[in-house]
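So you can see what is in the structure, the chains are spelled out below.
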Number of protein chains: 2
Amino acid sequence: MFTTFLAARQRIADRIRAVVLLLLASAVTTACTGHEAPSALDPLPSWTAGTTRDRIIDFVARVSTPGGTDFVPQAERIAVFDNDGTLWAEQPAYFQLLFAIDRVVALAPQHPEWVDQEPFASLLKGDVSAALAGGEHAILEIVMASHAGMTTEEFEQIVKDWLASARHPVTQRPYTEMVYQPMLELLQYLRANGFKTFIVSGGGIEFMRPWVEQVYGIPPEQVVGSSIAVEFEVRDGNPVLARQAKIDFIDDKADKPVGIHRFIGRRPIAAFGNSDGDLQMLQWTAAGSGPNLKVLLHHTDAEREWAYDRDSHIGRLDAALDEAAAKNWLVIDMKRDWKTIHPAVSE
Amino acid sequence: MFTTFLAARQRIADRIRAVVLLLLASAVTTACTGHEAPSALDPLPSWTAGTTRDRIIDFVARVSTPGGTDFVPQAERIAVFDNDGTLWAEQPAYFQLLFAIDRVVALAPQHPEWVDQEPFASLLKGDVSAALAGGEHAILEIVMASHAGMTTEEFEQIVKDWLASARHPVTQRPYTEMVYQPMLELLQYLRANGFKTFIVSGGGIEFMRPWVEQVYGIPPEQVVGSSIAVEFEVRDGNPVLARQAKIDFIDDKADKPVGIHRFIGRRPIAAFGNSDGDLQMLQWTAAGSGPNLKVLLHHTDAEREWAYDRDSHIGRLDAALDEAAAKNWLVIDMKRDWKTIHPAVSE
């Protein structure tokens, strides 16, 4: 049988790839001699020794050890990560909202009518709360005004330019340095053990793709996120994709498993989130037939970061925290489990 | 700068990966000693020597040779392939339509009302033309009756079971053996040279994902296709994704670049199609800023396969053939350029 032949060839290729990836992993680890880079001895140096770290390492060892009862073939080692509040900070507001506000301010000279028109009027006066008082409709107005009407290539450049100059309002660091050092180590550790790492975020897919490869080592094709519709057009003989003022997909809550299914087409064996928006993604992961790891990051560190959970407007963590307790999902206590929060400021 | 550090680390990792992939590619090639498998000396043994083959090899060499003016970093070597008529046959009808018809027949005992209800009545009498006389609406009825109403896991099993037993009406071979041997070699050749290969098909994404990894070496997460909506539900405490009787996305014509952008988020540097449904995908690829390869497979072999182009209902190739001629895109002449069409029948 031709398919049998292909399967056999695939098995041989898989075995060779497994060996090569082991070599590759150790080679990369050796090459990374920079600040706080994982070493072969300790792949997770920013994680405090203890149960949380042990459970992660134990899971990775079980699924990646050939011959073990919990072994998972490499192609099926899919790990999904929420972004806001899981891989980078989300306080004092989602960074994409701060981006949208900056865009509205930048575009205001071309829109004199915004002076009298909500939510823009309040936004331009610096009163974000008043601007958002209009709820979902107001947010949609802001997003469409700031995210639509240009080509996909133009939008990518706008995002890159903003990230290059904008600074976090509290720490004054670039947003791309507001990522979590322990999670960077975890991403690399998982990949070194044959996992394919994906972002599954409620954030805009085109807001993340321009920078996640450089910052997280996750290529754009491994990003699932919310999107607005785009349309193919030929402008002056040049094909473009034009961003429409129309929501295409909101990758949140019960639609996170939908997004995972649509984009990845496999069920993850590891899922990391930090809010009730991630609950169904963790439930979907938990319902897999093999071993799986469900993890919540609990923001408990008011000194080094922010402490918030059940009553927070941003990153509310309530039902998912209860379900984690009831089902023994792993909960990272940021204050207890992380030695470092963000990467060190480089000289 | 932290990002500079990450970029440097990424560059080192990239270089190591490039070397390892070269080793891996040759190791896999060596391991493949089966029938008509590509060898290190001739990666495309089923392709006739000549301009077509030369242009493909020349392109791959140019983009993958470090230091050359046309060098493309490995992460950006994205190649997209239409499926029906490009990677496997599409005559006498799209195989997914034959699947849908078989499903309608199998489900008929549960639907006595179909005996008097079009398009099912004609279909059950074996009159496919009459069934399809209702046009798009009739096709939609058939697809929804046969593709919706079950969970995603149930549908995957249905597809696998069908492929295991169904036979092509003309050749009597399993559909998964109706793939094109020269394209299997091309896929492997591209991957051995650092390309990431994707399917971008008007066919159903969930109809392809269960088998493309084994048959083409393309994992499910590298498949872009048409889809129906799915919804997350918890049934008896068990989370499922339920397939809805509602089209979500038709990945065809001007929506192929949209699908590419949504799922991959990078512009391909090589695109392979065979019909006018692939025209915009090739235009989008052609509009990239670097070197790129646009290829049409022209079905010219009435003896070994089928010969069809401008007047065909299935896989109509008309405007795209004109544009290929005008813009010097590569056109594979199946009769002239391919020594073999399908993989040999195994013993």
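Note that the structure is a prediction, hence the values are computed from the model and not measured. (Residues numbered from 1 in each chain as written. Chains lettered and ligands numbered in written order. Predicted model: local features only at pLDDT ≥ 70, side-chain atom pairs only at ≥ 80, totals over all residues. Heavy atoms only, no water.)

So, a nonpolar patch on the surface
All names here are of chain A. A cluster of nonpolar side chains, contributed by L140, I247 and I250, occupies part of the molecular surface with about 230 Å² of accessible area. Looking at where I247 falls in the secondary structure, it is placed in strand 4 (residues 238-249). Exposure remark for I247: the relative accessible area of 32% places this residue in the partly exposed category. (Patch = residues over 30% accessible without salt bridge, like charges linked within 9 Å, V, L, I, M, F, W, Y side chains within 5 Å. Areas by Shrake-Rupley, 256 points an atom, 1.4 Å probe, with all protein chains shown as cover. Salt bridge = Lys/Arg side-chain N within 4 Å of Asp/Glu carboxyl O. Helix = DSSP H or I, 4+ residues; strand = E, 2+ residues; numbered from the N terminus. Buried < 20%, exposed > 50% of the residue type's maximum accessible area, 1.4 Å probe, protein only.)

Some words on helix 9 (residues 205-216) of chain B
Residues and elements named next belong to chain B. Counting buried positions over the 12 residues of helix 9 gives 9, a clear majority of the element. Along helix 9, the positions that sit buried rather than exposed are I205, E206, F207, M208, R209, W211, V212, V215 and Y216. G217 sits one or two residues past helix 9 and shows a positive phi near 75 degrees.

Points about the packing of aromatic side chains
Evaluated as defined, the whole model comprises 29 aromatic pairs over all chains. With centroids separated by 6.5 Å and ring planes inclined at 50 degrees, the aromatic side chains of F59 of chain A and F195 of chain A adopt a geometry described as tilted. Placement of F59 of chain A in helix 2 (residues 51-64) and of F195 of chain A in the loop between helix 8 (181-192) and strand 2 (196-204) is noted, with a sequence separation of 136 residues between them. Assigned by exposure class, F59 of chain A and F195 of chain A land together as buried. Measuring from ring centre to ring centre gives 4.6 Å for F95 of chain B and Y175 of chain B, while their planes differ by 55 degrees; the resulting arrangement is tilted. Within this pair, whereas F95 of chain B is found in helix 3 (residues 95-107), its partner Y175 of chain B is found in the loop between helix 7 (152-165) and helix 8 (181-192), the two being separated by 80 residues in sequence. For the residue pair F95 of chain B and Y175 of chain B, the accessibility class agrees, reading buried in each case. Grouped by ring-pair contacts, the aromatic residues W88, F95, F99, F155, W162, Y175, F207, W211 and Y216 of chain A constitute a single cluster. (Phe/Tyr/Trp six-rings, centres within 6.5 Å; stacked < 30°, edge-to-face > 60°.)

A short note on the pattern of salt bridges
Inspection of every chain in the model, using the stated rule, returns 42 salt bridges over all chains. A salt bridge links D70 of chain A to R62 of chain A; its shortest N-O distance comes to 2.5 Å. According to the relative accessible area criterion, D70 of chain A is partly exposed, its value standing at 23%. Given the relative accessible area of 32%, R62 of chain A is considered partly exposed. Several salt bridges converge on common partners, so that one network encompasses K196 and R266 of chain A together with E213 and E221 of chain B.

Re the environment of V331 of chain B
Residues and elements named next belong to chain B. Summarising the element assignment, V331 is placed in strand 8 (residues 330-333). Residue V331 is classed as partly exposed on the basis of its relative accessible area, which comes to 23%. Expressed as a C-alpha distance, the spacing of V331 and H298, which sit 33 residues apart in the sequence, is 6.5 Å. Look past the residues within four positions of V331 in its chain and what remains in contact with it is T52, L296, H298, L321, A324, R336 and D337. (Contact = heavy atoms within 4.5 Å.)

Describing the nonpolar core
Formed by 182 residues in total, the largest nonpolar core has its most connected members in L186 and Y216 of chain A together with L186 and Y216 of chain B. With sequence-adjacent residues up to four places away left out, Y216 of chain A is seen in contact with N83, L87, W88, V179, L184, L187, R191, I199 and W211 of chain A. (Core = buried A, V, L, I, M, F, W, Y, C linked by side-chain atoms within 4.5 Å.)

What about the packing of helix 7 of chain B against helix 9 of chain B?
Residue and element names in this part refer to chain B. At a minimum axis separation of 9 Å, helix 7 and helix 9 run at an interaxial angle of 65 degrees. In this structure, helix 7 meets helix 9 at a crossing whose hand is right-handed. Between helix 7, through T152, F155, E156, V159, K160, W162 and L163, and helix 9, the contact on the second element is made entirely by E206, F207, P210 and W211. (Axes fitted to C-alpha atoms, helices over the stretch in contact; angles between N-to-C directions. Left-handed = near helix turned anticlockwise from the far one by under 90°.)

Overview of the environment of A320 of chain B
Residue and element names in this part refer to chain B. Relative to the elements of secondary structure, A320 occurs in helix 12 (residues 319-327). A sequence separation of 41 residues divides A320 from L279, and the C-alpha atoms of the two residues are 5.4 Å apart. In this structure, A320 is in contact with S275, D276, L279 and L296, ignoring residues within four places of it in sequence.

Thoughts on the environment of A100 of chain B
With respect to the helices and strands, the residue A100 of chain B is situated in helix 3. Excluding its chain neighbours within four sequence positions, the residues that come into contact with A100 of chain B are I142, S146 and H147 of chain B.

Examining the confidence of the model for chain A
Fine structural detail should not be taken from predicted coordinates in areas where pLDDT scores are low. Residue and element names in this part refer to chain A. Overall, the predicted model of chain A reaches an average pLDDT of 90, with 88% of residues at or above 70. When mean pLDDT is compared element by element in chain A, strand 5 (residues 270-273) scores highest at 99, while helix 1 (residues 2-31) scores lowest at 42. With pLDDT under 50 throughout, residues 1-9 is counted as low confidence; its partners more than four residues away or in other chains account for 21 contacts. Note on residues 15-36: pLDDT under 50 across the span, and 35 contacts to partners over four residues away in sequence or across chains. Here the predicted complex carries an ipTM of 0.87, next to a pTM of 0.88. (pLDDT = per-residue confidence, 0-100.)

Let's talk about the side chain of E221 of chain B
Relative to the helices and strands, E221 of chain B resides in the loop between helix 9 and strand 3 (223-235). The exposure class of E221 of chain B is buried, given its relative accessible area of 8%. At a separation of 2.9 Å, a polar atom in the side chain of E221 of chain B contacts the side chain of K196 of chain A. (Polar contact = N/O pair within 3.5 Å; in protein donor to acceptor, adjacent residues only side chain to side chain.)

A word on the pairing of strand 5 of chain A
Residues and elements named next belong to chain A. By the alternation rule, side chains of strand 5 split into A270 and F272 and A271 and G273, which are all buried. Here 3 bridges tie strand 1 (residues 78-81) to strand 5, and the two strands are oriented parallel to one another. Bridging across to strand 5, V80 finds its partner in A271. Between the parallel pair strand 5 and strand 6 (residues 293-300), the chain is carried across by helix 11 (residues 279-286), and the sense of this crossover is right-handed. (Pairing = 2+ DSSP bridges. Right-handed = clockwise from strand over helix to strand, strands pointing away.)

Here's the deal with the packing of helix 10 (residues 255-263) of chain B against helix 11 (residues 279-286) of chain B
Describing two packed helices takes the angle between their axes plus the distance from one axis to the other. Residues and elements named next belong to chain B. The interhelical angle for the contact between helix 10 and helix 11, taken along N-to-C directions, is 55 degrees, at an axis separation of 7 Å. Considering the angle they form, helix 10 stands oblique to helix 11. Residues K256, P257 and I260 of helix 10 lie in contact with helix 11, whose contacting residues are Q280, M281 and W284. Here the contact of helix 10 with helix 11 is composed, by residue class, of 4 nonpolar, 1 polar and 1 charged. (Parallel < 35°, antiparallel > 145°, perpendicular 65-115°, else oblique. Nonpolar A, V, L, I, M, F, W, Y, C, P; charged D, E, K, R; others polar.)

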